[in-house]
Amino acid sequence: MRVVSGTCKGRPLKAVPGASTRPTTDKVKESIFNIIGPYFEGGKVLDLFAGSGGLGIEALSRGMNEAIFVDREYKAVSTVKANLEACDFLKQAEVYKNEAERALKALIKREVAFDLILLDPPYKKQKLVDILTTITEHDLLNADGIIVCEHGHDVELPDEVASLSRWKHELYGTIQISIYEIKKNEM
């Protein structure tokens with residue numbers, strides 16, 4: 001596992017110890033960022049089910065200014081911090097040990113909005129539609145922002161969720177990627 005492109009291209013990333021997380025493969029990560037970027041001119045990213053932090057770190061490496069990483073596992077939070085330090089991104093990042101729903105409530109209170117939201121929950125415990133609804137109802141996504149959902153091939157997400165519409169859908173073996181944006185008529 002490594003940073004695929006940007007300022008930290010080629011930098012190796014640590015995986016979370018144990019079998020509790022499933023890191024996004026470099027191939028899938030590269031495909032995601034080729035679709036949504038590939039590079040950014042600033043912005044704020046939320047990596048809600050951070051795991052090792054690979055997706056959020058990739059976004060920082062490709063030009064995002066700030067990132068918030070959230071994971072409920074202590075081992076994951078420690079791994080994210082180690083990977084951020086290895087890439088010299090600690091000053092651009094906040095890392096929290098929290099459940100996704102509680103983290104969203106805290107972000108709502110802070111009235112923060114993101115340009116990119118990365119959702120890669122455990123495949124067996126997905127509540128992606130609920131999370132997408134919460135994000136839109138509380139304006140956590142900027143008007144021209146993007147949400148990337150990674151989910152199992154057996155999970156079918158709707159084309160529309162609240163004020164979001166899915167504009168891209170890709171299948172990579174057992175992994176599906178669904179990319180959402182705010183519907184143009186909702187802006």
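Please refer to the structure higher up on the page.
This one's a predicted model, so the numbers in the text were calculated from it and none came from an experiment.

The helix and strand tally for the protein chain stands at 5 helices and 8 strands. Along the protein chain, from the amino end to the carboxyl end, the secondary structure elements read α-β-α-β-α-β-α-β-α-β-β-β-β. Projected onto its principal axes, the C-alpha coordinates of the protein chain cover approximately 40 × 35 × 30 Å. Looking at the 187 residues of the protein chain, the share that counts as buried comes to 51%. Within the protein chain, residue pairs in contact and separated by at least 24 positions form 63% of the contacts whose partners lie at least 6 positions apart. A total accessible area of about 9100 Å² is found for the protein chain, and carbon and sulfur atoms account for 48% of it. For the protein chain, the centre of its 25 positive side-chain charges and the centre of its 28 negative side-chain charges are spaced 6 Å apart.

A word on the pairing of strand β2 (residues 66-71). Burial analysis of β2 places 5 of its 6 residues in the buried class, the great majority of the element. Considered for its hand, the β-α-β crossover made up of strand β1 (residues 44-47), helix α2 (residues 54-61) and β2 is right-handed. Inspection of the sheet shows β2 paired to strand β3 (residues 93-97) by 5 bridges, in the parallel sense. Across the sheet, residue D71 finds its bridge partner in β3, namely K97. Read from β2 through helix α3 (residues 74-86) to β3, the crossover connection turns out right-handed.

Across the 8 residues of strand β8 (residues 175-182), 8 count as buried, placing the element largely inside the fold. Taking every second residue as pointing to the same face, both faces of β8 are buried, with I175, I177, I179 and E181 on one and Q176, S178, Y180 and I182 on the other. Pairing of strand β5 (residues 141-152) with β8, which is carried by 7 bridges, proceeds in the antiparallel orientation. The partner of G152 across the bridge, within β8, is I175. Looking at chain direction, strand β7 (residues 164-172) and β8 are connected through 8 bridges and run antiparallel. Opposite L164, over in β8, you have I182 as the bridge partner. Linkage of β7 to β8, two consecutive antiparallel strands, is achieved through a turn of 2 residues, within which G173 is found at a positive phi near 65 degrees.

Glancing now at the sheet that holds β1. The 8 strands are arranged β3-β2-β1-β4-β5-β8-β7-β6 in an open sheet whose pairing can be described as mixed. Whereas interior strands pair on both sides, the edge strands pair on one side only; in this sheet they are β3 and β6 (160-161). Seen against the sheet, helix α4 (residues 100-110) touches β1, β2, β3 and β4 (114-119) and runs at an angle of roughly 145 degrees to β2. Across the sheet, helix α5 (residues 128-137) lies against β4, β5, β6, β7 and β8, angled at about 170 degrees from β5, the strand it touches most.

Of all the residues in α4, the buried ones are A100, A103, L104 and L107. With its buried residues spanning 100 degrees around the axis, α4 presents them on a single face. Within α4, the exposed residues directed more than 90 degrees away from the buried face are R102, K105 and K109. If you follow the buried residues of α4, they end up packed against β1, β2, β4 and α5. In the stretch just after α4, E111 is the one whose phi turns positive, near 55 degrees.

This part takes up the nonpolar core. Ranked by internal contacts, the top residues of the largest apolar core, which has 32 residues, are I36, F69, L84, L116 and V148. Elements that contribute at least two residues to this core include exactly α1 (26-36), α2, β2, α3, β3, β4, β5 and β8. Contact partners of I36, with chain neighbours within four places excluded, come to L116, I146, V148 and I179. Core analysis: the next-biggest nonpolar cluster, separate from the first, contains 26 residues, L48, I68, L107 and I135 among them.

Rules used throughout
- Residues numbered from 1 in each chain as written.
- Predicted model: local features only at pLDDT ≥ 70, side-chain atom pairs only at ≥ 80, totals over all residues.
- Heavy atoms only, no water.
- Helix = DSSP H or I, 4+ residues; strand = E, 2+ residues; numbered from the N terminus.
- Buried < 20%, exposed > 50% of the residue type's maximum accessible area, 1.4 Å probe, protein only.
- Contact = heavy atoms within 4.5 Å.
- Areas by Shrake-Rupley, 256 points an atom, 1.4 Å probe, with all protein chains shown as cover.
- Lys, Arg positive; Asp, Glu negative; His and termini not counted.
- Charge placed at Lys NZ, Arg CZ, Asp CG, Glu CD.
- Right-handed = clockwise from strand over helix to strand, strands pointing away.
- Pairing = 2+ DSSP bridges.
- Axes fitted to C-alpha atoms, helices over the stretch in contact; angles between N-to-C directions.
- Arc of directions from axis to C-beta.
- Core = buried A, V, L, I, M, F, W, Y, C linked by side-chain atoms within 4.5 Å.

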